[in-house]
There are 4 protein chains.
Amino acid sequence: MGSSFGQLFRITTFGESHGGGVGVVLDGCPSRIALSPNDIQQELDRRRPGQSAIVTQRQESDRCEILSGVFEGQTLGTPIAILVRNEDARPEAYREMKDTYRPSHADFTYQAKYGIRNWQGGGRASARETIGRVAAGAVARKVLAFLHPESEIIAYVTDVYDLSAAVDSSVVTRAQVEANAVRCPDKEAARAMMRAIEQARAEGDSLGGIVECVARNFSAGLGEPVFDKLEADLAKAMLSLPATKGFEIGAGFAATRLRGSEHNDAFEIRDKEVRTATNRSGGIQGGISNGEDIVFRVAFKPTATIARAQQTVTTDKTETTLAARGRHDPCVLPRAVPMVEAMAALVLCDHALRQRALAQPD
Amino acid sequence: MGSSFGQLFRITTFGESHGGGVGVVLDGCPSRIALSPNDIQQELDRRRPGQSAIVTQRQESDRCEILSGVFEGQTLGTPIAILVRNEDARPEAYREMKDTYRPSHADFTYQAKYGIRNWQGGGRASARETIGRVAAGAVARKVLAFLHPESEIIAYVTDVYDLSAAVDSSVVTRAQVEANAVRCPDKEAARAMMRAIEQARAEGDSLGGIVECVARNFSAGLGEPVFDKLEADLAKAMLSLPATKGFEIGAGFAATRLRGSEHNDAFEIRDKEVRTATNRSGGIQGGISNGEDIVFRVAFKPTATIARAQQTVTTDKTETTLAARGRHDPCVLPRAVPMVEAMAALVLCDHALRQRALAQPD
Amino acid sequence: MGSSFGQLFRITTFGESHGGGVGVVLDGCPSRIALSPNDIQQELDRRRPGQSAIVTQRQESDRCEILSGVFEGQTLGTPIAILVRNEDARPEAYREMKDTYRPSHADFTYQAKYGIRNWQGGGRASARETIGRVAAGAVARKVLAFLHPESEIIAYVTDVYDLSAAVDSSVVTRAQVEANAVRCPDKEAARAMMRAIEQARAEGDSLGGIVECVARNFSAGLGEPVFDKLEADLAKAMLSLPATKGFEIGAGFAATRLRGSEHNDAFEIRDKEVRTATNRSGGIQGGISNGEDIVFRVAFKPTATIARAQQTVTTDKTETTLAARGRHDPCVLPRAVPMVEAMAALVLCDHALRQRALAQPD
Amino acid sequence: MGSSFGQLFRITTFGESHGGGVGVVLDGCPSRIALSPNDIQQELDRRRPGQSAIVTQRQESDRCEILSGVFEGQTLGTPIAILVRNEDARPEAYREMKDTYRPSHADFTYQAKYGIRNWQGGGRASARETIGRVAAGAVARKVLAFLHPESEIIAYVTDVYDLSAAVDSSVVTRAQVEANAVRCPDKEAARAMMRAIEQARAEGDSLGGIVECVARNFSAGLGEPVFDKLEADLAKAMLSLPATKGFEIGAGFAATRLRGSEHNDAFEIRDKEVRTATNRSGGIQGGISNGEDIVFRVAFKPTATIARAQQTVTTDKTETTLAARGRHDPCVLPRAVPMVEAMAALVLCDHALRQRALAQPD
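So, a few notes on the structure that sits alongside this text. Please read these numbers as outputs of a predicted model, since none were measured by experiment.

**Remarks on the relation of the copies chain B and chain D**
- Aligned on chain D, chain B shows an RMSD of 0.0 Å; the corresponding rotation is 180° and the shift along the axis is 0.0 Å. Here the symmetry operator amounts to a two-fold rotation axis. Using C-alpha coordinates, one finds that chain B approaches the rotation axis most closely at Ala357 of chain B, a distance of 2.0 Å.
- When the interface residues of chain B are mapped onto chain D, 100% of them again lie at the interface, so the same face is used by both copies.

Quick look at the structure:
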């Protein structure tokens, strides 16, 4: 249980880091949406290892195959299954993980829960699992382009360790995000972040940071009271990503240090529409989008895998030390950007379809 | 859609602030759990208005009636329906809300979504809806007392506006929390918070803050990969509460300013068990509990309803001003504590049952 | 678990035959559908006891109260909770059921499953539970009247014991069904059925029979492959009703005695539309409606409660005999008609909304 | 939507008859269940084409690959993805299906629903889709062997066209079923059925029939009131199989011709257990298993694909005729047997896990 997400636009991911492959089955995609493997591959390429100097140098081409649900370039309305084969399987590299729990990884908890785990790499807890999400997110984008043609979802790095960027969420473009390997649209900050990441790697250490995401040009009315509030589903989506530790929307935690008179978003009439003068709500009020930009931030912890020796224990309860060998990300942030976008697209696409089911024309 | 929560221990809440009443149907409660209306009433009394000087002075006794699912003091295994009648219905007090959208409330978004809204009070978006959650949370506690007899779930206020308390989550008791009206176990901070809240009310303004929650003595193994990670479900649960703007677990956003070598929780053997030397993970790794304390924090914005005049618009798109009249909470934090606990109990009870379904005895 | 039905138009029923009451929460109803308590009461009156000479003479007025989700005569889009109080509670009449299992009732299985049961009447297994379904079905009808304005759902009795009626499903009207107490539109058969039912009651015995249902003027395209085929959801809906033993659609079991060349429905063009020359498929092909009449049949067993003494056992495993006292239905068929219609309306409304979510305009 | 089945033991099938392949993702399988590809292959071999003289002679080896969820011969508790590649793709054989609707197939309804269809073979409506079900059913059997070690699920053909077999459901064995190509344990009837099927094929026609299924040695307590009654979930499961037209449990439709005093199953004490003297209920009372044999019957229509010319229409609404070419099953019954067993295993496994989650030890 637990490998499905969404109500109408519903995905189920599968796969461990080692084994036959990873992938996703997407049920609930409207028919006759133009879809090619390339639409999906583009997004997968943004998340795959080896794409730049500051991410892990593992070589995985992550080529996707659409197994079903598409015919002559269009969706059929039936489940879309997408498979990416595992390639870089070097189980011997993981041999010591068989008997030793890596600190702040899921080795121990999977063992505690299941009494068994695929110790070759992260198994199900590997970031490879997100391949299925990113693939499905690419389909969600295509559906959103049909349902909300003007809509955009753009994520980017705002913070790495103690470095913060200045980004205006209302105008940032994807081109600015993709302009550098950190995926931080503030060029200067990006350069500093790059240096910090490289230094952390040199020191056998790792860094965390914050990804911000903006969803623009979605109409008011998305989100369901009470439990399926739009921000609640976004929070779940983001906290389901590996290495995430926090979520905030609009003014977020900083809202706690404002007074009501400072925080409230006054309504005004702009271009004959009801708009808010400010957007501390982050585009959502009472769980339902209000038509303003939806803006949220996600905290990622520093990568748990580090080259430095750490204190840990073996599966037979003996204390020992462990130092990661091989290739790993000194900072997950650049590769987290497409994951955050994918999850946001899945949530918004699901709610767009839900709204479509129940909305009544005036 | 959207008014149900949980997979096995599943609740559906219903009701608007004005109308017949509010309540909950809980399906999936194990049978033969001792349950009395008083078990539920105790928790409802912690969230109801009028309980102290610093919360709204609306008079609502919020007496619950168990309509089904309990027989001779024990649960039947069938749906438990709980109803609380609405009492303090003074729709005339809300007359001006019929034509005017309150800033940072859900009036506008409900109207945009549904083309209709119950403008008498907050309708479905009212905090009265949480009565059903708190009632169901009281049942969840009873089930958890059966499944995890040593377990405890304790929430408390750590921050109000710019005031922060010093609380040790590993030892705090419910008695300490309930010792003052703010529900902040740091007495001195509580006194300052009390003053700040009273001053905000005097000024026609409102304050936000942070609720922290600790769940102790839950065994390792709760939580499902991939989407139903324990922290993901907690995040959704918390962000579904009214007025919440953020969620963080363990080191949370502060984790982004630590290096991997500083953030990782080393494993050690303690009392012959695998334990972590620190708990920056907040008791969850890879979405599954590791047996350490589960600790998370929830940001609440300052109450949207304030006595000061605010700029807004009418339903026919004319700009106007609005100043709330009558009684309202200058700070939702004290009443949010039982809500956070209830949602945490619902998530943990659901996952405890899910684990029970699939866990294999050694 | 198990008390919810539907994906988008989703109901959760609650309540035992004795206790606070029975009812339903309906989540997923579109907003701005005109709805009054009377719309619901009309359908409840068709299923309630005491309505004619051949049903149980228990006196239950079954007055419904809408607790939420409706405002000024229109649905809000929020959960609609409907409550019917239990009235005819005479638990002493059931005292012997405390210690004795009634044959072919659910007393034993509930005890086996839960280790406890509400032995006052049928508890959760009582036909009173269907009040919630019929109430929700009345709402479904209102939604269908909006989504498929020409649509009709009409159920009727075709068989009681060994008596069969001749009914043309393509033209039968509700007025014909309601013209007699048996709800069999073939007047002569109805008279014979009436006599048979009265005689069975006189003999302390009971009769079963068959309800047929036709859903007309639904467009092609309702139903989802693969598991949520329209006939699969109808089958589940019908077999979830008390006392049902079988379901068949179109030619049903008789189809097994036809050859493919006899059974297939040839396509033809009629009024410029693709139509079938015959309708042995019962309006559904591959799980999806084809625009023809949807016709299915449901088998109901003879009422388990009979006045004759029957062999049974006590809860402490002693053999004994039991003869039902008091008032009960000698034949559930007449009261089953509104139940079948309600479940059909729920299934069709759910699928109509699902289709609305995903259908793409040409 | 609609391609998932089950609550805890939940499968999602994918795939069209032509394209990359068909398969299933199974989420909710307990960990540490021994599972090999061969366990699955055995069941797939029972459903595949070409296995005997009376089924379609299409050559499909249907070799399965387990992509995930199994490690060193044991389940991991994570999703099990199983893929079977499509092999016998001869789309040119289906060219005329592009423009012509086959009578009593799903061509027209898929086109009406989606505005597009994979016209190469049956697409999503092809019986190839059941590969995923049968594969998952094989896993369900392994889990049931762990949860209910004595349990057995055996299906068999009782009727083909007007030929009926005499089979005692309480003692029939799988060996008897597998002893002939018809999968009818009554040898003489089987021979007659074989001849009838061969003759139908020779005549370019097809036959339907009935599959009966018995589930033995399941404990009392499986099944959930109210909507997820065990028979309701079985009915849905069976009516979701291609070509099914009816479902009945226990005495089924014949129950309507019995009086209550004839139909009720008297309780008695046997071997110190509460048992029923007869089993007209089919092992389920009030939706919950009572420990007796669970016995139900499923009606299959004659295969829609026949060699004889039939009247039909083209996609541009012109009347025409169509005669199927190539290889097809003159009678689906023999291959339906493993499908019925698979669906029964899925339902029972799901309910066994659900019961495990909520059952309380005495």
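**What to know about the pairing of strand β7 (residues 80-85) of chain B**
All names here are of chain B.
- In terms of burial, β7 is largely enclosed, as five of its six residues are buried.
- As paired strands, strand β3 (residues 21-27) and β7 are joined by six bridges and run antiparallel to one another. Note that in β7 the partner of Gly23 across the bridge is Leu83.
- Examined bridge by bridge, strand β4 (residues 64-66) and β7 share three bridges and lie antiparallel to one another. Paired with Glu65 across the bridge in β7 is Leu83.

**Comments concerning the interface of chain A and chain B**
- Contacts between chain A and chain B engage 92 residues on the former and 93 residues on the latter.
- It is helix α6 (residues 230-239) of chain A that provides the largest number of residues to the side of chain A that touches chain B, a total of six residues.
- Across the side of chain A that touches chain B, the residue classes tally to 37 nonpolar, 31 polar and 24 charged.

**A word on the environment of Lys317 of chain A**
- Inspection of the secondary structure puts Lys317 of chain A in the loop between β17 (310-313) and β18 (319-322).
- By C-beta crowding, Lys317 of chain A is classed as exposed, having 11 other C-beta atoms within 10 Å.
- Apart from the residues within four sequence positions on either side, Lys317 of chain A is in contact with Ile269, Lys272 and Val274 of chain B.

**Brief notes about the interface of chain B and chain D**
- Contact residues are listed per partner, giving 14 residues for chain B and 14 residues for chain D.
- Taken together, the residues that form the side of chain B that touches chain D break down as six nonpolar, five polar and three charged.

**Section: the packing of helix α1 (residues 37-47) of chain A against helix α8 (residues 333-358) of chain A**
Residue and element names in this part refer to chain A.
- One way to put it is that α1 packs onto α8 with a least axis distance of 7 Å and a crossing angle of 135°. Considering their axes alone, α1 and α8 lie oblique with respect to each other. Facing Glu43, Arg46 and Arg47 of α1, the residues of α8 in contact are Arg335, Pro338, Met339 and Ala342.
- Residues of the contact of α1 with α8, tallied by class, amount to three nonpolar, no polar and four charged.

**Regarding helix α5 (residues 187-202) of chain D**
All names here are of chain D.
- For α5, which comprises 16 residues, the first-to-last C-alpha distance of 23 Å matches the rise-based estimate of 22 Å (1.5 Å per residue) to within 8%.
- Among the residues making up α5, those that are buried are Ala189, Ala190, Met193, Met194, Ala196, Ile197, Ala200 and Arg201.
- Buried-residue contacts for α5 involve β8 (152-160) and β9 (163-164).
- Note on α5: the residue one or two positions beyond its end, Gly204, has a positive phi of about 70°.

What counts, and where the lines are drawn
- Residues numbered from 1 in each chain as written.
- Chains lettered and ligands numbered in written order.
- Predicted model: local features only at pLDDT ≥ 70, side-chain atom pairs only at ≥ 80, totals over all residues.
- Least-squares fit on C-alpha atoms with pLDDT ≥ 70 in both.
- Contact = placed C-beta atoms within 7 Å.
- Buried ≥ 20, exposed ≤ 12 C-beta atoms within 10 Å, placed from the backbone.
- Helix = DSSP H or I, 4+ residues; strand = E, 2+ residues; numbered from the N terminus.
- Pairing = 2+ DSSP bridges.
- Nonpolar A, V, L, I, M, F, W, Y, C, P; charged D, E, K, R; others polar.
- Axes fitted to C-alpha atoms, helices over the stretch in contact; angles between N-to-C directions.
- Parallel < 35°, antiparallel > 145°, perpendicular 65-115°, else oblique.
- Expected span 1.5 Å × (residues − 1).

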